[in-house]
Amino acid sequence: MENIIHTNYQKIKSEIKTACTNSNRDPNNVKLIAVCKRQPIRKIKQSIQAGIKIYGENRIQDAVNRWSKIKTENYQLSFIGPLQTNKSEEAVKLFNMVQSLDREKLAKSLSKAQQKLKKNIEYMVQVNTGNEVQKSGIKPNEVDNFIKTCKDNYGLNIKGVMCIPPIDENPALHFAFLKKIYQRNKLDYLSMGMSSDFKTAIEFGATHIRIGSSLFGERLEKEEA
Ligand SMILES: *Cc1c(COP(=O)(O)O)cnc(C)c1O
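Small disclaimer: the values here were computed from a predicted structure and weren't measured.

## Observations regarding the site of the ligand
Contacts to the ligand come from Val 35, Lys 37, Ile 80, Ile 164, Met 194, Ser 195, Arg 210, Ile 211, Gly 212, Ser 213 and Arg 219. With respect to the ligand, the side chain of Ser 195 contributes an N or O atom lying 2.6 Å from an oxygen atom. One nitrogen or oxygen atom from the main chain of Ser 213 is found 2.8 Å from an oxygen atom belonging to the ligand. The protein chains hide 89% of the 390 Å² of surface that the ligand would expose on its own.

## Some thoughts on the pattern of salt bridges
Evaluation of the coordinates by the stated rule reveals eleven salt bridges. Lys 199 is paired through a salt bridge with Glu 15; the nearest N and O atoms lie 3.9 Å apart. Of the two residues, Lys 199 is situated in helix H8 (residues 198-203) and Glu 15 in helix H1 (residues 4-22); the sequence distance between them amounts to 184 residues. Overall, the relative accessible area of 40% leaves Lys 199 in the partly exposed class. Linking Lys 148 and Asp 152 is a salt bridge whose minimum nitrogen-to-oxygen distance equals 2.7 Å. Placement of the pair is Lys 148 and Asp 152 together in helix H6 (residues 143-152), with a separation of four residues, close to one helical turn.

## Concerning the environment of Ala 34
Turning to its location among the elements, Ala 34 is positioned in strand S1 (residues 31-35). The class of Ala 34 is buried, set by a relative accessible area of 0%. Separated by 18 residues in the primary sequence, Ala 34 and Ile 52 place their C-alpha atoms 7.5 Å from one another. Other than its neighbours up to four places away in sequence, Ala 34 contacts Ile 52, Ile 54, Tyr 55, Gly 56, Ile 211, Leu 215 and Phe 216.

## A look at helix H7 (residues 171-184)
In this model H7 runs 20 Å from its N-terminal to its C-terminal C-alpha over 14 residues, within 8% of the 20 Å that 1.5 Å per residue would give. Along H7, the residues classified as buried are Ala 172, His 174, Phe 175, Leu 178, Ile 181 and Tyr 182. Structurally, H7 contributes buried residues whose contacts are with H6, strand S6 (157-162), strand S7 (189-191) and H8. The opening residue of H7 is Asn 170, an N-cap whose side-chain oxygen sits 3.0 Å from the backbone nitrogen of Ala 172. Phi turns positive one or two residues past the end of H7, at Lys 186, with a value near 50 degrees.

## Details of helix H2 (residues 41-49)
Of the positions making up H2, those classed as buried are Ile 41, Lys 43, Ile 44, Gln 46 and Ser 47. As for H2, its buried residues are in contact with H1, strand S2 (54-57), helix H3 (60-69) and helix H9 (213-216). Immediately downstream of H2, the backbone of Gly 51 shows phi near 105 degrees, a positive value.

Rules and cut-offs
Residues numbered from 1 in each chain as written. Predicted model: local features only at pLDDT ≥ 70, side-chain atom pairs only at ≥ 80, totals over all residues. Heavy atoms only, no water. Near = heavy atom within 4 Å. Polar contact = N/O pair within 3.5 Å; in protein donor to acceptor, adjacent residues only side chain to side chain. Areas by Shrake-Rupley, 256 points an atom, 1.4 Å probe, with all protein chains shown as cover. Salt bridge = Lys/Arg side-chain N within 4 Å of Asp/Glu carboxyl O. Helix = DSSP H or I, 4+ residues; strand = E, 2+ residues; numbered from the N terminus. Buried < 20%, exposed > 50% of the residue type's maximum accessible area, 1.4 Å probe, protein only. Contact = heavy atoms within 4.5 Å. Expected span 1.5 Å × (residues − 1).

Below you can see the structure in the form of structure tokens.
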């Protein structure tokens, strides 16, 4: 049987390479996070066969269910969705990184979870670059202080910043803006770009791109039971 995910992955890798060539970057400095939310296990297994090792999930319970059924050890998980404080322990237990840290209450609760579990993970701060009322993420004018608070008061390993631009705006403006925040805070990771705009994100310096539908195809309406 043909592995469609393999074919899609090769195509995306070559697009990453082209975007890197265009902006004088080394493709090894761009990590692809395979966003597998609401994808069937069958496709995730195909993606593992295709060589993918880093996955993104946006709901804790779905991630717990899914990854307990996939019998492989060799993967890393990033959490990229809104996180409730009462899920902090599960997040620290299952994930290598949380990319959606956006408020002090959550920082405090993750810090407690880390101490209890004796496990430290990596974090990115999600920035609401479009100042959208309905969207998660810290306000741009609060981000510098927030990063400092997370490090100094809560001992969290803040590695980078992440954004999801407003759907009706030119993403390039948001990528350029997030890059400035990343540079002035001297961070290592810059997570931006999804299926529709990852080439632009790479040209603006993304170190992590989050790809769902162009790798796996359309998502299911509901999670598999
Ligand atoms: C779903 C999701 C993605 C992937 O989106 P696609 O357009 O399917 O590539 C990336 N980032 C976040 C935060 C998401 O929730």
